[in-house]
Amino acid sequence: MNIPRDSQSQGFEKTRQGMRAFSKFGEIPRLDGKGTRALEAWFLGPKAENADELERLVVEAIRDQAFWRRNFHPGDPTHISEEIKRSPEYLQAMDALKEGYASLLAFLKKSVPFFSMRYQGHMNWDLTIPGILGYFAAMLYNPNNVAFEGSTATTILEILVGDDLCKMLGYSIPTEAEIDNGAIRPWGHITCDGTVANIEAIWSARNLKFYPLALQAALKNEASLAAAKDITVSLATGEIAPLIKLDTWSLLNLKGDDILALPGRLTKEYQIPREAIAQAMSKYSLQNLGIQEFSRQFLSDIPKSPIFFVPGTKHYSFPKAAALLGIGASNMIDVPVDTNARMSISHLEKFLQDCLAEHRPVYTVVAVIGSTEESAIDPIKEVLALREKFRSLGLEFTIHADGAWGGYHASVIREDFDMPEPDAFLAPPPAMPLSRYVTEQFNVLGHADSITVDPHKSGYIPYPAGALCYRNSAMRDLVTFSAPVVFHGDAEPTVGIYGVEGSKPGAAAAAVYLSHRVIRPSKSGYGKIIGAALFSCKKLYARLLCMARPEDPFIVVPVPQLPAEKIALSDINQQIQFIRDRIVGKTNDEIIADHEAIALLRELGPDQNILAYAFNFKTPSGTVNTDLALTNRLNKAIYDRLSINPGEDIYGYDLIVSTTDLHSDQYGKVFIENYKHRLGVSSSADPSITVLRSVVMDPWITETTKGSFLDVLEDEFRKAVYAALEEISPIQTRGY
Ligand SMILES: *Cc1c(COP(=O)(O)O)cnc(C)c1O
């Protein structure tokens, strides 16, 4: 175990054989073609405008399920006879069901109204209709994607969806001929969520790091591997040497693709059967020995524990991964972020330099592609460049991109793929492009070794649907404990054996499948939804930026800086005036027709569509309050008004947002001090800033039948701020 049993081409031969075996019996569904274009047809809608269509299609799934059941051995007997259906117990049970159902339906109305334009809180909006239908229809069949035999249809869908996600993210799928010639094949699968995907990514990175140590020991000691004793590898520096001669540090710094190719080479070049490799490795692998014994045997000359790096904005799943994998959360190192909440490359470089000097192994560097609180995108292009630099110095690590939130945003710039011919009639309208910086990061995303992406976030698909994609599919073999089963002479297509989970809903794969089929994960599909949501978010940013009038007793400071603030000496006030005149209050069409406005809008606001912001108040003399504790109290008081209290009737809420605290322990001084300065509280020592946060997923808030809904949102914000000011310090605010 802990062994890439196959070279990747052998691994995929199994999947291919499985798909072929399956296709003998009929059509395999496809996931390509041009999809559709109308956003308005993709969602139930804030007023359930598409309820009739959805109802008809849901009923069709139930009817179709009934036909399927009746046609399976139609002559088989039944137990639920008409007579039983008339029995008192039966009737009583049905009555109780209806009663319980009615009360559940009533209770569910206490849920959060994600669909509403007034909901600007967490990562939630409407679900795609194909996502709902795919889930609902497949759920009636209750497939379990843990193994093919429990999911003979939905495993196939998961394989298709895995490839589609890879293509969206920038991993290209080689042809069968290219794979036979050694091209690296990516692979993706559906997980329950982004947390599990991140844990799997760190798990595989950890196992990859230690694999060469175990293999060297097996080569030295196991007679069954004797033929391959002289096998050579390229060192990080380019030199070629026998694996058996390498010292611990060199073994810990081999290139990932070279390590992943080793098992296949043992089979191909030295004719050692895969079973023999597995057998030999079982005595040395980390998975079998456990960290304590493995370290005792192999890491005694490594002075410090291996580590991995994350930005200060990282999601909580990484400390969990570190703890679960025995790495230890204190060996997960926060890299401070810059004033844009993006990982500071100079700090990362310094840390890596220290690791090199101290011979401290690095598992991986995590770049977050859309942080949870502010949708900041780490400079993965520079992380990749740093890896090249350190590779040449003999320090190797993998790069994991956490795109749980932001991975789908790749569709905004992804040219439509798999289209039979370009479709002039249905040309997509211009979506709000991502900023130049963000576009550059997406252009190189395909060089990351693994990428987490959550269909249940920016894919607008029902929970639970996360995903992990590997650039090199052989990575998946590092985290499996069982070999693909060969049945009936044909290999079975397998996906469920790779990773953390056991049973998992095939319905989730069906939901992603149908959604991607109708809404392609490229410019003309998901790119349109997300492009419009980015537009909404940028306009909300502009609106909040310009919201406070001179006579208002407060200021609003969005976390994202203005483009002018990022460039020394440029005129900030002039830029704000431009935004006031040419963006706020203008219709979308007016902005799109204004080249200067659209150019600025592109660079404006957060990297993606999550906006963090805070309010501060003015003292009676008109100056801005300088006490951060009071500022935090104000924002908490605003949040109290704009969030749902347990049990309360949700009809009474006019605007809902979320909140978070930004702490200098994670974010670092540079970011925190810069934001404090902009809030006017730089003299306060408090290390934690409370902000409000809005994830803007709604593509329609700027274009309703009654104009821009931002007018309503601004009014609601103003009301909440005045009420909060009244509550926290009536004396300190000006009379109004
Ligand atoms: C949401 C999120 C996760 C975790 O995903 P879940 O699906 O909630 O488990 C990980 N990373 C980032 C950046 C996220 O936004």
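Structural notes, computed from the coordinates. (Residues numbered from 1 in each chain as written. Predicted model: local features only at pLDDT ≥ 70, side-chain atom pairs only at ≥ 80, totals over all residues. Heavy atoms only, no water.)

In this section: the packing of aromatic side chains. This structure, assessed with the given rule, holds 20 aromatic pairs. Their ring planes at 70 degrees and their centres at 5.6 Å tell us that F43 and Y460 sit as a pair that is edge-to-face. Of this pair, F43 sits in the loop between α1 (8-23) and α2 (51-71) while Y460 sits in the loop between β9 (450-453) and β10 (466-470), and the two are 417 residues apart along the sequence. Note on Y460: relative accessible area 2%, which makes it buried. Through a chain of ring-to-ring contacts, three or more aromatic side chains come together here, namely F554, Y613, F615, F717 and Y722. (Phe/Tyr/Trp six-rings, centres within 6.5 Å; stacked < 30°, edge-to-face > 60°. Helix = DSSP H or I, 4+ residues; strand = E, 2+ residues; numbered from the N terminus. Buried < 20%, exposed > 50% of the residue type's maximum accessible area, 1.4 Å probe, protein only.)

Time to look at the sheet that holds strand β16 (residues 688-695). Taken in spatial order, the five strands make up an open sheet running β1-β15-β16-β14-β13, and their pairing is mixed. The sheet terminates laterally at β1 (119-120) and β13 (554-558), the two strands that pair on one side only. Packing of helix α25 (residues 669-679) onto the sheet brings it into contact with β13, β14 (610-617), β15 (656-663) and β16, and relative to β13 it is tilted by some 150 degrees. (Pairing = 2+ DSSP bridges. Contact = heavy atoms within 4.5 Å. Axes fitted to C-alpha atoms, helices over the stretch in contact; angles between N-to-C directions.)

Let us look at the environment of L246. Mapped onto the fold, L246 is located in the loop between β4 (240-242) and α9 (248-251). For the pair formed by L246 and V233, sequence separation is 13 residues and the distance between their alpha carbons is 9.6 Å. Setting aside chain neighbours within four positions, we find L246 in contact with Q216, V233, L235, A241, L251 and L254.

Moving on, we come to the site of the ligand. Not every one of the 15 residues close to the ligand is listed here, only the nearest: G194, T195, D402, D454 and K457. One of the side-chain nitrogen or oxygen atoms of T372 is found 2.9 Å away from an oxygen atom of the ligand. Between an oxygen atom of the ligand and a side-chain N or O atom of K457, the distance comes to 2.9 Å. Here the ligand, which alone exposes 380 Å², has 90% of that area covered by the protein. For the shell around the ligand, a count of residues per class yields three nonpolar, eight polar and four charged. (Near = heavy atom within 4 Å. Polar contact = N/O pair within 3.5 Å; in protein donor to acceptor, adjacent residues only side chain to side chain. Areas by Shrake-Rupley, 256 points an atom, 1.4 Å probe, with all protein chains shown as cover. Nonpolar A, V, L, I, M, F, W, Y, C, P; charged D, E, K, R; others polar.)

Here we come to unusual backbone geometry. Y463 connects to P464 through a cis peptide bond whose omega is -5 degrees. Looking at the element boundaries, P464 is found in the loop between β9 and β10. Within the chain, S375 stands out as a residue other than glycine whose phi angle is a positive 50 degrees. Summarising the element assignment, S375 is placed in the loop between β7 (362-368) and α15 (380-392). Classification of S375 by relative accessible area gives buried; the value is 0%.

The next thing to look at is the side chain of R520. For R520, the position within the fold is in the loop between α17 (506-518) and α18 (526-545). Among the polar contacts made by the side chain of R520, one reaches the main-chain carbonyl oxygen of G33 at a distance of 3.4 Å. If we skip the residues at most four places from it in the chain, R520 touches L31, D32, G33, K34, G35, D164, F417, D418, G525 and Y526.

Attention now moves to the environment of M139. Positionally, M139 belongs in helix α5 (residues 129-139). Note: C-alpha distance between M139 and A177 (38 residues apart in sequence) is 37 Å.

What follows is about the sheet that holds strand β5 (residues 307-311). Taken together, seven strands build an open sheet; the order of strands is β2-β10-β9-β8-β7-β5-β6 and the sheet is mixed. In this open sheet, the two edge strands, each paired with only one partner strand, are β2 (187-191) and β6 (332-335). Recorded for the sheet is a direction-independent mean angle of 20 degrees between the axes of neighbouring strands. Bridge analysis of strand β8 (residues 398-403) against β9 gives four bridges, and the strand direction is parallel. By the bridge assignment, D402 is partnered in β9 with T452. Relative to β2, helix α6 (residues 154-169) is tilted by about 115 degrees, and along the sheet it contacts β2, β9 and β10.

In this section: the side chain of R414. As for its placement among the helices and strands, R414 is situated in the loop between β8 and α16 (436-443). We note that R414 is buried and unpaired, the nearest opposite charge coming from E415 at a distance of 8.5 Å. A polar contact of 3.4 Å, which involves the side chain of R414, links it to the backbone oxygen of K167. Here R414 is in contact with K167, M168, L169, G170, F442, P521, S522 and K523, once residues within four sequence places are set aside. (Lys, Arg positive; Asp, Glu negative; His and termini not counted. Salt bridge = Lys/Arg side-chain N within 4 Å of Asp/Glu carboxyl O.)

It is worth spelling out the packing of helix α8 (residues 194-221) against helix α13 (residues 317-324) at this point. Relative orientation of the contacting elements α8 and α13 amounts to 45 degrees, with a least axis distance of 9 Å. Classified by the angle between their axes, α8 and α13 sit oblique to one another. Like other packed secondary-structure pairs, α8 and α13 cross with a definite hand, here right-handed. Residue-level inspection shows T195, N198, I199 and I202 of α8 in contact with α13, the latter providing S317, F318, K320, A321 and L324. Split by residue class, the contact of α8 with α13 holds five nonpolar, three polar and one charged. (Parallel < 35°, antiparallel > 145°, perpendicular 65-115°, else oblique. Left-handed = near helix turned anticlockwise from the far one by under 90°.)

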